[in-house]
Amino acid sequence: MFNSLHEECGVFGIFENKTTYVAQSTYLALYALQHRGQESCGIAVNDDGVFSHCRGEGLVPEVFTEDKLKGLGMGNMAIGHVRYSALGGNNPNNIQPLAIRHVKGNLAIAENGNLLNADDIRRHFELGGAIFHGTSDTEAIAYSIVTERLTSSSTEEAVEKAMNHLKGAYCCLVMTATKLIAFRDPQGFHPLCLGKTQDGAWVVASESCALYSIGAELVRDILPGEIVTISKDGIKSNKSHCNKSKGGLCVFEYIYFARPDSVIEGSSVQHARMKAGEFLAKESPVDADIVIGVPDSGLDAALGYAQESGIPYGVGFIKNKYIGRSFIQPTQGQREDAVRIKLNVVKENIKGKRVIMIDDSIVRGTTCARIVNLLREAGATEVHMRVSSPAFKFPCYFGTDVDSQENLIACKYDTVEEIADVIGVDSLAYLSVDATHKLAVNTNMSYCDGCFTGKYPVEIPKEQPKNKFEIKLNQFPPHCEVLD
């Protein structure tokens, strides 16, 4: 499971000035955000306060057949979500958006992130009699908002109050009968942007690539701590939670998570990855005949390395793009076969050459070793690996599924030379931490690099198991029946 990093989640919302097929636009946008989560997805549509809701396990085109999209009907608002479960497991009750009927009306919510204090919030509400159906922290956020709504004049005011109690990473979309509300944690751990279509519809998305997929233009990034409310009266911004803390955008958005055609905080993701390759070439040069990238996120870094070093760039691997999520295999032998089917070496470009292979990261190192072996079998005389990120040494608490330290290859071995020997390369070098802070050239925002340095922009809990709610569920005595 942890041979490579897993993406976070993706959210999208649209507010139209007329009743139309908003589900279709949301479907296309979620398709563009599919790289951020392949476990499950969902769409909620608002037609004059009446919510239609569809969600399920699988990829966007697997869940949303033509009939299901038509079944969502027309409306003037919709929110959607693609999910990878950094927290909360694959419980079907965790599939988002969550749709709620409360005393003040209907509400749907979709989130990307990971709360540090979800356990405390959940416990607080459970002691008051609340019943949780799932195990994700999104339900805790929903309870917080609904509770504050009882004593607030509006849902956006309730969101503002609820944010006083939320700690950690969260980019959320909330849809009510009349409003679409987007809000981002004060550190800005994950991206969230605002766009507009040619016919005047407002859209919000985790990445700008989702805006482009429906013909919308990027207007701006939603600020860390900002609450944006969209209604028939226009758009309003509440910045009461802005500038309260040091920023902490996940630097791995630029290195791996985001799609290359996205722009985050004013900086092109593709340009940032090429800069990573450029810095690698300056920091860790080596004589070779060809520079290749491991698809997909290693390709732009490889191009940057080649341009800076003067060593020719070449295509080393062809990626099979038709392998579905069900292709994940349980045994080591099957996984080795899977690597061969997923990546095929272009032998004509590799045979008899000294190869520099660029990849975005090394987690456990097992998949990396198999890829290196493919190059050896293809006739590479030397393989030098360059990694466009620093070494993973610490856990992530904010939504990125970094494996536990005992499984991280950089924690198991003392030196880079030992890691190089384990994965079978002639030399190995990582990008420096300092260089990662220079990848985005058009922003002054601070970054979170805690998975590399162990230094986080907020105080972290002493213990934060990712499956803590599942652990509690499984701790019922044998005579108790747990209903699904």
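Our structure is the block above this text.
Overview of the structure. (Residues numbered from 1 in each chain as written. Predicted model: local features only at pLDDT ≥ 70, side-chain atom pairs only at ≥ 80, totals over all residues. Heavy atoms only, no water.)

What to know about the packing of aromatic side chains
Any two aromatic rings considered together are summarised by their centre-to-centre distance and by the angle between their planes. Across all of its chains, the model carries 15 aromatic pairs by this definition. Relative to Y31, the ring of Y27 has its centre 5.7 Å away and its plane inclined at 80°; by these criteria the two rings are edge-to-face. In this pair, Y27 and Y31 are both assigned in helix α1 (residues 22–32), 4 residues apart and thus about one turn of the helix distant. We classify Y27 as buried; its relative accessible area is 13%. Considering the side-chain rings of Y397 and Y456, the 5.4 Å spacing of their centres and the 80° angle between planes classify their relative orientation as edge-to-face. Linking Y397 in the loop between β21 (382–387) and α14 (409–412) with Y456 in the loop between α17 (450–453) and α18 (468–473), this pair joins segments that are 59 residues apart in sequence. Y456 gets classed as buried once you look at its relative accessible area, which sits at 19%. An aromatic cluster of three or more residues is present, and its members are F252, Y256, F257, F392 and F452. (Phe/Tyr/Trp six-rings, centres within 6.5 Å; stacked < 30°, edge-to-face > 60°. Helix = DSSP H or I, 4+ residues; strand = E, 2+ residues; numbered from the N terminus. Buried < 20%, exposed > 50% of the residue type's maximum accessible area, 1.4 Å probe, protein only.)

Notes on the sheet that holds strand β10 (residues 202–205)
Pairing is antiparallel across the open sheet formed by 7 strands, whose spatial order is β3-β2-β4-β1-β10-β9-β11. On the outer flanks of this sheet lie β3 (50–57) and β11 (217–221), each paired with one strand and no other. Strand-to-strand twist across the sheet, computed as the mean angle between neighbouring axes with direction ignored, equals 15°. As paired strands, strand β1 (residues 9–20) and β10 are joined by 4 bridges and run antiparallel to one another. Counted as the bridge partner of G13 is V204 from β10. Packed onto the sheet, α1 meets β1, β2 (40–47) and β4 (75–83) and runs at close to 25° relative to β4. (Pairing = 2+ DSSP bridges. Axes fitted to C-alpha atoms, helices over the stretch in contact; angles between N-to-C directions. Contact = heavy atoms within 4.5 Å.)

A few points about the packing of helix α4 (residues 118–127) against helix α5 (residues 138–149)
One can describe the packing of α4 onto α5 by two numbers: an axis separation of 9 Å at closest approach and a directional angle of 50°. Of the possible angle classes, the one that applies to α4 and α5 is oblique. Between α4 and α5 lies a crossing of left-handed hand. In this structure, α4 contributes A118, I121 and F125 to the contact, and α5 contributes A140, Y143, S144 and T147. Taken together, the residues of the contact of α4 with α5 sort by class into 5 nonpolar, 2 polar and no charged. (Parallel < 35°, antiparallel > 145°, perpendicular 65-115°, else oblique. Left-handed = near helix turned anticlockwise from the far one by under 90°. Nonpolar A, V, L, I, M, F, W, Y, C, P; charged D, E, K, R; others polar.)

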